[in-house]
Amino acid sequence: MSLEKQIAIEEALKVAFDENELKSRISAEDFELYNSTKEEMSFQKGDDIFEDGELPKGIYLIESGTAKLSKSGVYGKDHILRFIKEGDMIGYRSLLCGEKFQAKAEAMTEIKARFIPAATFRHLLEVDSKMAYAMLQKFAYELGESANTVAFLAQKTVRERLAEILILLEQKLGTDPEGFIKISLTREEIANLIGTATESAIRLISEFKTDQLIEVEGRNIRILNREKLIKLGHVLI
C-alpha cells in the first residue's frame, strides 16, 4: 500500500476517535457512557501493556510513545510482529474475535494511552458508523500487511529485507531532528525483524555503513541514501 493511502487510513482512525468529533456524532447519553468509562493510562519503558494469553478487557489508543507487539516462539525467543506508535490502536483484534491476546504488547518508551473498556468499545461501533468504517479500513490494511510480511520473509534475501525494514521503520515511526529513526533497536531485535541470526545482522549493518547507506550511533540508525535502499529492498512507496 502507498504511503498516502496508509496516512489516509491513519487519519480517518484518528478523526473517528477524536473526542470532540465523537461528541458531535453520537447522542449525549452514548458520549456520557464513553466519557465515564474511558481511562487515561501510562506505562514506563519495559512495562507490559498486556500479556500473550491474557483475556482482553478493552482497547488501547496510544497517545504518545512507542510499543512493540511480540510473540514467543517454540524455543522461548520473542519474535517482533510490529511496532506501535502515537495514534495507533492495539487490543481490538482479539477483543472483537472473542479470543485471548495472541501476542504481548510492551512499552519501548514511556507511553500514555487511552483505555476504552470492551463493552463501551463494542457499543460505540454499534452506534457510530464512522468509527465502524474506520475500523474496517484498519482491518483491511493490516490484512494486506500480513500478506506482505509472508512475501517479505519468503521471497527476499536477508540483505533486501534489512533495506526494506529500515525504509519502513523510517516511514512508520519518523525521524528525530538529527535524522535518526525514532526507535532504538538492539542488533538482536533487528535480526529478529528480518528473520536472521544476530551475527548476520551485525555483518549486514556494517556493510551498509561501509557502503554509506546508513549511519549508526549506538542503537540509533540514520538513512543516508534512501533511494539506494529503496532500490535494494525493492520497496514500493
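Residues numbered from 1 in each chain as written. Predicted model: local features only at pLDDT ≥ 70, side-chain atom pairs only at ≥ 80, totals over all residues. Heavy atoms only, no water.

(A) Quick peek at the overall build of the protein chain. Along its length, the protein chain carries 10 helices and 10 strands. Taking 237 residues into account, the globule formula puts the C-alpha radius of gyration at 18 Å, and the protein chain, at 19 Å, falls close to it. On the principal axes, the C-alpha backbone points of the protein chain span a range of 60 × 40 × 30 Å. For the protein chain, the distance from the average site of its 33 positive side-chain charges to the average site of its 40 negative ones is 4 Å. (Helix = DSSP H or I, 4+ residues; strand = E, 2+ residues; numbered from the N terminus. Rg over C-alpha atoms; globule rule 2.2 N^0.38 Å. Lys, Arg positive; Asp, Glu negative; His and termini not counted. Charge placed at Lys NZ, Arg CZ, Asp CG, Glu CD.)

(B) Summary view of the packing of aromatic side chains. Tallied over the entire structure, the rule returns 7 aromatic pairs. Ring geometry for Phe 17 and Phe 121: centres 6.4 Å apart, planes at 25°, overall stacked. Of this pair, Phe 17 sits in helix α1 (residues 3–17) while Phe 121 sits in helix α5 (residues 118–127); the two residues are 104 residues apart in sequence, bridging distant segments of the chain. Of the two residues, Phe 17 and Phe 121, neither departs from the other in class, the shared state being buried. Ring geometry for Phe 43 versus Tyr 60: centroids 6.4 Å apart, planes at 65°, classification edge-to-face. Residue Phe 43 is located in strand β1 (residues 39–43), and its partner Tyr 60 is located in strand β3 (residues 58–64); the two are separated by 17 residues in the primary sequence. Given the relative accessible area of 8%, Tyr 60 is considered buried. Site record: aromatic cluster; members linked through ring pairs are Phe 43, Phe 50, Tyr 60, Phe 101 and Phe 115. (Phe/Tyr/Trp six-rings, centres within 6.5 Å; stacked < 30°, edge-to-face > 60°. Buried < 20%, exposed > 50% of the residue type's maximum accessible area, 1.4 Å probe, protein only.)

(C) Region of the structure containing the pattern of salt bridges. The tally for this structure, following the rule as stated, stands at 19 salt bridges. In this structure, Glu 189 engages Lys 68 in a salt bridge whose closest nitrogen and oxygen atoms are separated by 3.0 Å. Of the two residues, Glu 189 sits in helix α8 (residues 187–194) while Lys 68 sits in strand β4 (residues 67–72), which places them 121 residues apart along the sequence. Assessed through its relative accessible area of 15%, Glu 189 is described here as buried. A relative accessible area of 11% places Lys 68 in the buried class. Among the ionic pairs, Lys 104 bridges to Glu 106, the shortest N-O distance being 3.8 Å. One salt-bridge network, held together by shared partners, links Glu 19, Lys 38, Glu 63 and Arg 114. (Salt bridge = Lys/Arg side-chain N within 4 Å of Asp/Glu carboxyl O.)

(D) View of the sheet that holds strand β7 (residues 104–107). Taken together, 4 strands build an open sheet; the order of strands is β2-β7-β4-β5 and the sheet is antiparallel. A single partner strand is all that each edge strand has here, and the edge strands are β2 (48–50) and β5 (78–84). Direction aside, neighbouring strands of the sheet carry axes that sit 35° apart on average. As defined by bridge partners, β2 adjoins β7 across 2 bridges and the pair is classed as antiparallel. Across the sheet, the residue bridging to Asp 48 is Glu 106, located in β7. The strands touched by α8 within the sheet are β4 and β5, with β5 carrying the most contacts at an inclination of about 90°. (Pairing = 2+ DSSP bridges. Axes fitted to C-alpha atoms, helices over the stretch in contact; angles between N-to-C directions. Contact = heavy atoms within 4.5 Å.)

(E) Quick peek at the sheet that holds strand β8 (residues 111–117). Strands sit in the order β1-β8-β3-β6 across an open sheet of 4 strands; the sheet is antiparallel. The sheet terminates laterally at β1 and β6 (89–90), the two strands that pair on one side only. With 6 bridges connecting them, β3 and β8 associate as antiparallel partners. When the bridges of β8 are listed, Tyr 60 appears paired with Phe 115.

(F) Region of the structure containing α5. Regarding α5, the residues found buried are Ala 118, Thr 120, Phe 121, Leu 124 and Leu 125. Taken down its axis, α5 places every buried residue within 165° of arc, on the same side. Away from its buried face, by an angle of more than 90 degrees, α5 presents the exposed residues Ala 119 and Glu 126. (Arc of directions from axis to C-beta.)

(G) Expanded view of unusual backbone geometry. You will see that Gln 212, though not glycine, has its phi angle at about 60°, which is positive. Along the chain, Gln 212 falls in the loop between α9 (198–210) and β9 (214–217). At His 234, a residue that is not glycine, the phi angle is positive and equals roughly 50°. Here His 234 shows up in the segment after α10 (226–233).

Purely geometric stuff here, so don't read any function into it on its own.
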